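# A closer look at the structure
Next come the chains, spelled out residue by residue.
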Amino acid sequence: MTRSKATVLGFGAVLLWALLALFTVGSSPVPPFQLNAMCFAIGGTIGLIWVLATGAQAELKQTSWKIYAFGTLGLFGYHFFYFSALRMAPAAEAGLIAYLWPLLIVLFSGLLPSETLKRGHVLGGLIGFSGAALIVSNGGASFQGDALTGYGLAMLCALFWSGYSVISRQLGDTPTSSVAIFCIATAILSAVAHFALETTVWPQTSIGWLSVIGLGLGPVGLAFYVWDIGVKKGNIQLLGVFSYAAPLLSTLVLVLAGYAPLTWVLAAAATLIAGGALLAARASRG
């Protein structure tokens, strides 16, 4: 697979994550860890079906348990710290800190022996982050001293996903089919967290169930498989910067669905994110 094709596939994950907010709203009132368990179970099952259909079982047997532990830690750790941060800090501020992960991917990629980090990548990442910050904070954020623990958890969330993505680059020989096991293990750990921290609430309507299935098939399913291909074989700096399109596209989807208003914040954020992406793309061509 060519580098450009892998990058396009990786960006497919960003497009799928744009549906995350819409489906999450539709799945209400299912609590987050329960929703996580249900969706990752779907995503993992779909992956296992694909493995069986393609005869890739041997790949899974040959994969080290350390790889499975690493992948599960990345997927579950990100979601665990994200949901925990939202419990202990205001959503806008926690989300803003958590969304440092694309910028961290760009910066951490410079530590990889096969990658060259250029000034345009860093500047593009910073500009993209400023655009995402406008959306996540809705034009303003007020950090509170009594929420420091929540902010710390949000930072761990960003570090877990950026670290998972960059280290995956070094595991290029690990088959993407292993993501199915990551998903199943994450579903199990999410179920444990759910029973320890939440009260079970099932979807109340057909829309709720369809939203859960949609999440499991797309944003919390296929997205992780194509992201795995992208970070292993594609342009990881571009993927990092392009990832800032996710909150913009997610908000636009909510606007189109009638769940959110169209505001100046979206226009400004779109300009910044597009500008950052173009700057990073020019740096990659140079």
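A few points on the structure.

So, how was this worked out
- Residues numbered from 1 in each chain as written.
- Predicted model: local features only at pLDDT ≥ 70, side-chain atom pairs only at ≥ 80, totals over all residues.
- Heavy atoms only, no water.
- Helix = DSSP H or I, 4+ residues; strand = E, 2+ residues; numbered from the N terminus.
- Rg over C-alpha atoms; globule rule 2.2 N^0.38 Å.
- Areas by Shrake-Rupley, 256 points an atom, 1.4 Å probe, with all protein chains shown as cover.
- Lys, Arg positive; Asp, Glu negative; His and termini not counted.
- Charge placed at Lys NZ, Arg CZ, Asp CG, Glu CD.
- Axes fitted to C-alpha atoms, helices over the stretch in contact; angles between N-to-C directions.
- Parallel < 35°, antiparallel > 145°, perpendicular 65-115°, else oblique.
- Left-handed = near helix turned anticlockwise from the far one by under 90°.
- Contact = heavy atoms within 4.5 Å.
- Nonpolar A, V, L, I, M, F, W, Y, C, P; charged D, E, K, R; others polar.
- Core = buried A, V, L, I, M, F, W, Y, C linked by side-chain atoms within 4.5 Å.
- Buried < 20%, exposed > 50% of the residue type's maximum accessible area, 1.4 Å probe, protein only.
- Polar contact = N/O pair within 3.5 Å; in protein donor to acceptor, adjacent residues only side chain to side chain.
- Salt bridge = Lys/Arg side-chain N within 4 Å of Asp/Glu carboxyl O.
- Patch = residues over 30% accessible without salt bridge, like charges linked within 9 Å, V, L, I, M, F, W, Y side chains within 5 Å.
- Expected span 1.5 Å × (residues − 1).
- Bend = angle between axes of the 7 residues up to and from the residue.

Attention now moves to the overall build of the chain. Helix and strand content of the chain: 14 helices and zero strands. The N-to-C order of helical and strand elements in the chain reads α-α-α-α-α-α-α-α-α-α-α-α-α-α. In summary, the chain has a C-alpha radius of gyration of 18 Å against a globular reference of 19 Å for 286 residues, a match within 12%. Projecting the C-alpha coordinates of the chain onto the three principal axes gives extents of approximately 45 × 45 × 35 Å. Looking at the chain as shown, the accessible area adds up to about 12800 Å², and 70% of this sits on carbon and sulfur atoms. Separation between the mean location of the 12 positive side-chain charges and that of the 7 negative ones in the chain comes to 13 Å.

Moving on: the packing of helix H1 (residues 3-17) against helix H11 (residues 206-233). At a minimum axis separation of 7 Å, H1 and H11 run at an interaxial angle of 155°. Overall, the two elements H1 and H11 adopt an arrangement that is roughly antiparallel. At the point where H1 passes H11, the crossing takes the left-handed sense. Residues Arg 3, Ala 6, Leu 9, Gly 10, Gly 12, Ala 13, Val 14, Leu 16 and Trp 17 of H1 touch H11, and the partners they reach there are Gly 218, Pro 219, Leu 222, Ala 223, Phe 224, Val 226, Trp 227, Ile 229, Gly 230 and Lys 233. The residue makeup of the contact of H1 with H11, split by class, is 13 nonpolar, four polar and two charged.

With 70 residues, the main nonpolar core has Trp 17, Leu 75, Trp 101, Trp 161, Phe 224 and Trp 227 as its most contacted residues. A total of nine residues in this core trace back to one element, the largest contributor, which is H11. Ignoring sequence-local partners within four residues, the contact set of Leu 75 consists of Phe 40, Trp 161, Tyr 164, Phe 182, Cys 183, Thr 186 and Phe 224. In this structure, Val 106, Leu 238, Ala 277 and Ala 280 belong to the second largest nonpolar core, which totals six residues.

Below, the discussion takes up the environment of Tyr 244. Residue position: Tyr 244 is located in the loop between helix H12 (236-242) and helix H13 (245-256). Overall, the relative accessible area of 0% leaves Tyr 244 in the buried class. In the structure, Tyr 244 is positioned 76 residues away from Ser 168 in sequence and 20 Å away in space, judged by C-alpha atoms. Ignoring sequence-local partners within four residues, the contact set of Tyr 244 consists of Tyr 99, Leu 100, Pro 102, Leu 103, Gly 125, Gly 128, Phe 129, Ala 132 and Ile 273. From its side chain, Tyr 244 meets the backbone oxygen of Tyr 99 in a polar contact 3.3 Å long.

So, about the pattern of salt bridges. For the structure shown, the criterion picks out two salt bridges. The partner of Arg 87 in a salt bridge is Glu 198, with the nearest N and O atoms 3.1 Å apart. Residue Arg 87 is found in helix H5 (residues 65-88), and its partner Glu 198 is found in the loop between helix H10 (178-197) and H11; the two are separated by 111 residues along the sequence. On the basis of relative accessible area, Arg 87 is assigned to the partly exposed category, the value being 46%.

Side chains of Ile 46, Ile 49, Ile 207, Leu 210, Ile 213 and Leu 217 sit close together on the surface and give an oily, nonpolar patch of about 560 Å² of accessible area. Position of Ile 213 among the secondary structure elements: in helix H11. We classify Ile 213 as partly exposed; its relative accessible area is 39%.

With that settled, consider the side chain of Gln 237. Examined against the element boundaries, Gln 237 turns out to sit in helix H12. Within the local environment of Gln 237, its side chain forms a polar contact with the side chain of Ser 109, the two groups lying 3.3 Å apart. Apart from residues lying up to four places away in sequence, Gln 237 is in contact with Arg 3, Val 106, Ser 109, Glu 115, Thr 116, Leu 117 and His 121.

Right, let's talk about H11 for a bit. With 28 residues, H11 extends 39 Å between its outermost C-alpha atoms, agreeing within 8% with the 40 Å of an ideal straight helix rising 1.5 Å per residue. Along H11, the helix axis deviates most sharply at Leu 215, where the bend reaches about 45°; the proline Pro 219 sits within four residues downstream. The buried count for H11 comes to 20 of 28 residues, which makes it a mostly enclosed element.

It is the contact of helix H7 (residues 101-109) with helix H9 (residues 148-169), at a shortest axis distance of 8 Å, that shows an interaxial angle of 45°. For the element pair H7 / H9, the angle class is oblique. Here H7 and H9 pass one another in a crossing that is right-handed. Contacts between H7 and H9 involve Trp 101, Leu 104, Ile 105, Phe 108 and Ser 109 from the former and Met 155, Ala 158, Leu 159, Trp 161, Ser 162, Ser 165 and Val 166 from the latter. Residue composition of the contact of H7 with H9, by class: nine nonpolar, three polar and no charged.

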